[in-house]
Amino acid sequence: MNKGFKLVKKGELEYLTVPSFEETGLVRHCFTTRLGGVSTGEAASLNLSYKRNDSPENVRENFRIICEAIGVDHNKIVFSDQTHKKGIYIATTDDLGKGLHRESDISDADGLVTQQKDVPLCTFYADCVPLFFLDPVKKITSAVHSGWKSTLLEIGKEAVSVMKDMGSNPDDILAAIGPSIGPCHFEVRGDVAEQFTDKFGMEILDRTVGDKSFINLWKTNVNILIASGIRERNITLAEECTYCNRDRFYSYRGDDHKTGSLCGIIQLV
Ligand SMILES: [Zn+2]
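No experiment lies behind these values; they were computed from the predicted model shown. Every chain is numbered independently, its residues counted from 1 as its sequence is written. Residue-level local features of this predicted model are given only where pLDDT is at least 70; pairs of side-chain atoms are given and counted only at 80 or more, and the full residue set underlies all totals for whole chains, interfaces and linings. Only heavy atoms go into the side-chain values, all of them from the structure, while hydrogens and water stay out.

**Q** Tell me about the packing of aromatic side chains, residues and numbers included.
**A** Note on ring pairs: Phe, Tyr and Trp rings are taken, using the six-membered ring of Trp, and paired if centres are within 6.5 Å. Classes follow the plane angle, with under 30 degrees stacked, over 60 edge-to-face and the rest tilted. Across all of its chains, the model carries eight aromatic pairs by this definition. For the pair F31 and Y125, a centre-to-centre distance of 5.7 Å together with 50 degrees between the ring planes defines the contact as tilted. One end of the pair, F31, is in strand β4 (residues 27-32); the other, Y125, is in strand β8 (residues 121-125), with 94 residues separating them in the sequence. To sort residues, take the accessible area from a 1.4 Å probe on protein chains only and compare it with the maximum for the residue type: under 20% means buried, over 50% means exposed, and anything in between is partly exposed. A relative accessible area of 1% means that F31 is categorised as buried. On the basis of an interplanar angle of 50 degrees and a centroid distance of 6.3 Å, the ring pair of Y50 and F79 is categorised as tilted. Of this pair, Y50 sits in the loop between β4 and α2 (56-70) while F79 sits in strand β5 (residues 78-79); the two residues are 29 residues apart in sequence, bridging distant segments of the chain. Exposure remark for Y50: the relative accessible area of 31% places this residue in the partly exposed category. Its relative accessible area of 8% is what places F79 among the buried residues. Three or more aromatic residues link up through ring pairs in this structure, and these residues are F31, Y125, F132 and F249. One residue, R207, lies across the ring of F214, its end atom 3.8 Å from the ring centre. A run of H or I in DSSP counts as a helix once it spans at least four residues, and a run of E counts as a strand once it spans at least two, with each numbered from the N terminus. Placement of a charge over a ring requires the Lys NZ or Arg CZ to be within 6 Å of the ring centre, with the centre-to-atom vector within 35 degrees of the ring normal.

In short, the description is geometric, and any link to function would need to be established separately.
The following block contains the structure:
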């Protein structure tokens with residue numbers, strides 16, 4: 001397994017990329033930080049969601065800033081519709097602009113996948129686990145929001161399954177797990193911990209402190225990906241906790257629910 005995303009700084013703007021994805025030359029992509037945008041207050045400064053305490057103008061300007069930096073046309077951005085389930089939507093050029101610049105009819109899609117060039121997929125985060133996939137052979141890419149509920153539903157496996165239906169061999173797929181709440185801070189109630197350990201085994205329970213249980217969502221998702229046929233050496237884990245690094249990332253729990261939204265963008269070129 002590879003550890004660490006690459007940090008890119010352009011003036012005030014900071015974002016992360018996946019080295020193994022970059023080496024293919026097949027995608028433009030990023031995972032954002034909260035730095036380098038125009039939003040203020042709790043959404044400061046690179047908030048990318050209309051659903052936060054921020055103006056739509058700021059969100060659009062932030063998209064313009066990040067898209068320009070990574071060489072993606074913001075007019076084409078396609079939003080996921082995250083409902084904490086395991087739906088995967090196959091996006092095409094018919095979907096360009098949905099969510100950011102026009103009404104979207106994409107529903108119940110915590111994950112997006114595409115086999116077409118110039119279709120920038122966009123998923124949102126503030127503690128939940130980002131999963132990114134790239135099949136450099138069949139040229140298929142995917143961005144997935146794997147919150148704890150979607151992790152329990154094994155949405156990562158679902159994404160790999162959709163990619164297999166589109167022609168991918170899991171042996172070829174590169175995968176990346178982005179910054180999100182780490183085992184240091186992902187505390188859950190006993191009944192939720194039990195759902196995790198029943199399904200994924202005791203190894204994903206990081207520790208218990210009194211009646212508090214801490215679950216390792218990173219290890220859970222790594223195990224889900226490996227069980228789906230992805231090679232361990234093709235997985236990159238950012239290993240950065242959003243709660244621990246609140247100066248750099250939005251953290252829904254760390255900021256007491258008053259925060260902005262990060263996003264992952266990936267587009268085949
Ligand atoms: Zn932490």
